[in-house]
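Inside the fold
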Amino acid sequence: LPRAGVRVRLGSKKFTESVILGEMLRILLEHSGVKVAHVREIGGTRLLFDALVAGEIDAYPEYTGTILKEIFVGKAVADDRSMRELLRKQGVGVAESLGFSNTYALALTRRRAAELGISRVSDLRRLPELRIALTHEFLDRSDGWPALKRAYDLQQDQVVGVDHDLAYRQLLAGEIDLIDVYSTDAMIRRSDLFLLADDRSFFPRYDALWLYRLDSAARDPQLVAAIERLAGTISESAMQKLNDDVEARRATEEQAASEFLATRFGIR
Ligand code: PBE
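Residues numbered from 1 in each chain as written. Predicted model: local features only at pLDDT ≥ 70, side-chain atom pairs only at ≥ 80, totals over all residues. Heavy atoms only, no water.

Around the ligand sit Lys13, Phe15, Thr45, Tyr63, Thr66, Asn102, Tyr104, Arg141, Tyr182 and Tyr206, and those are all the residues in its vicinity. Separating an oxygen atom of the ligand from a side-chain N or O atom of Lys13 is a distance of 3.0 Å. Within the side chain of Thr66, one N or O atom sits 2.6 Å away from an oxygen atom of the ligand. When the free accessible area of the ligand is taken as 280 Å², the share hidden by the protein chains comes to 99%. Because more than half of its atoms lie within 2 Å of the grid, the ligand is assigned to the largest pocket. When grouped by side-chain class, the residues that make up the shell around the ligand number five nonpolar, three polar and two charged. (Near = heavy atom within 4 Å. Polar contact = N/O pair within 3.5 Å; in protein donor to acceptor, adjacent residues only side chain to side chain. Areas by Shrake-Rupley, 256 points an atom, 1.4 Å probe, with all protein chains shown as cover. 1 Å grid on protein atoms, 1.4 Å probe; cavity = no way out; pocket = protein on both sides within 12 Å on 5 of 7 lines; lining within 4 Å. Sits in = over half its atoms within 2 Å of the grid points. Nonpolar A, V, L, I, M, F, W, Y, C, P; charged D, E, K, R; others polar.)

Now the structure itself:
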């Protein structure tokens, strides 16, 4: 990871939204004169959080439910305060929410959902033969498939692992019936997918926010200032639009991020 001359290193996960958020903070920091690098698409949650704790990066965008269910899996974290406390013990600070939530959901094409006559996750109990493809991280998280299957009493055993982008293609090609999606994904609206209602409230909230190293923040106050400036500024529909701009190739992640900063803060 780049070090020479760089004061702040940002990381992002391997999906469009994470990269856009990383670019946003990178541009904002550059604008305040900080030498900054954004290491894009490092991988999944584990890799990013480990890199943060190891000091390989100074900050990355995360989601509250992911902190509870993946990073602190097995630890009983009662509330927001104890989550912040646990993170602080690892030298990690938590910013306020960016203003939107991005939850997991199960999706089918609208046509297939109508054919099968289903609208809720619990309806899957009637359909043990359904062809399901799920992203690798979802297959293996405590807020993912095995726990969801238990919570809803589902029977499907033939579930395959797939990359997030590929899942959409296979779904639209009719090769599979059901995938997991992220609720701010552009493809949901673009392909008119149908999301099953989480009728047993299995999923927690996934408010998007920045995690950062407390020592980096002490060394570079501009890091926290920029992160705080972004808090509460991105609505769910704004994030969907940014994701869509990139997915539809109307803009790169950098262009989408800088367009947002221009509109919101007048930064050019
Ligand atoms: N999410 C929903 C996950 C992936 C899907 C954005 C909260 C995460 O990155 O933790």
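Alright, that's what it looks like, and here's the rest.
Moving on, we come to the side chain of Asp185. Its place among the elements puts Asp185 in the loop between strand 8 (178-182) and helix 9 (186-190). It turns out Asp185 is buried and unbridged, and the closest side chain with the opposite charge, Arg189, is 7.5 Å from it. Of the polar contacts made by the side chain of Asp185, one reaches the side chain of His164; its length is 2.7 Å. Excluding residues within four positions of it along the chain, Asp185 makes contact with His164 and Tyr168. (Helix = DSSP H or I, 4+ residues; strand = E, 2+ residues; numbered from the N terminus. Buried < 20%, exposed > 50% of the residue type's maximum accessible area, 1.4 Å probe, protein only. Lys, Arg positive; Asp, Glu negative; His and termini not counted. Salt bridge = Lys/Arg side-chain N within 4 Å of Asp/Glu carboxyl O. Contact = heavy atoms within 4.5 Å.)

This part covers the packing of aromatic side chains. By the definition in use, this model includes eight aromatic pairs. Residues Phe15 and Tyr182 carry aromatic rings whose centres are separated by 5.0 Å and whose planes lie at 65° to one another, so their mutual orientation is edge-to-face. Here the residue Phe15 occupies a position in the loop between strand 1 (8-13) and helix 1 (16-31), and Tyr182 occupies one in strand 8, the gap between them amounting to 167 residues. The exposure class assigned to Phe15 is buried, which follows from its relative accessible area of 16%. For Tyr182, a relative accessible area of 12% translates into the label buried. Measuring from ring centre to ring centre gives 4.7 Å for Tyr104 and Phe138, while their planes differ by 50°; the resulting arrangement is tilted. Within this pair, whereas Tyr104 is found in strand 5 (residues 104-109), its partner Phe138 is found in helix 6 (residues 136-140), the two being separated by 34 residues in sequence. A single burial state applies to Tyr104 and to Phe138, both of which are buried. (Phe/Tyr/Trp six-rings, centres within 6.5 Å; stacked < 30°, edge-to-face > 60°.)

On to helix 2 (residues 45-53), then. Among the residues of helix 2, Thr45, Leu48, Phe49, Ala51 and Leu52 are the ones counted as buried. The buried residues of helix 2 occupy an angular sector of 160° when the element is viewed end-on, so they sit on one face. Backbone geometry just after helix 2 places Gly55 at a positive phi near 80°. (Arc of directions from axis to C-beta.)

The next point concerns the layout of surface pockets. Its volume calculated, the largest pocket comes out at about 980 Å³. In terms of lining residues, the largest pocket is bounded by 37 residues, among which Lys14, Phe15, Thr16, His164 and Asp165 are the most central. For the lining of the largest pocket, the secondary-structure elements that each account for two or more residues are helix 1, strand 2 (36-43), helix 6, helix 8 (164-172), helix 9 and helix 12 (236-247). Considering each element in turn, the lining of the largest pocket owes the most residues, four residues, to helix 8. (Points joined across faces, edges and corners; volume = space filled by probe spheres on them.)

A packed helix pair is summarised by two numbers, namely the angle formed by the two axes and the spacing between the axes. At their nearest, the axes of helix 1 and helix 13 (residues 253-265) sit 8 Å apart, and the two run at 55° to each other. By the angle between their axes, helix 1 is oblique relative to helix 13. At the point where helix 1 passes helix 13, the crossing takes the right-handed sense. Every residue of helix 13 that contacts helix 1 at Thr16, Val19, Ile20, Glu23, Met24, Arg26, Ile27 and Leu28 is listed here: Glu253, Glu254, Ala257, Ser258, Phe260 and Leu261. Across the contact of helix 1 with helix 13, the residue classes break down as eight nonpolar, two polar and four charged. (Axes fitted to C-alpha atoms, helices over the stretch in contact; angles between N-to-C directions. Parallel < 35°, antiparallel > 145°, perpendicular 65-115°, else oblique. Left-handed = near helix turned anticlockwise from the far one by under 90°.)

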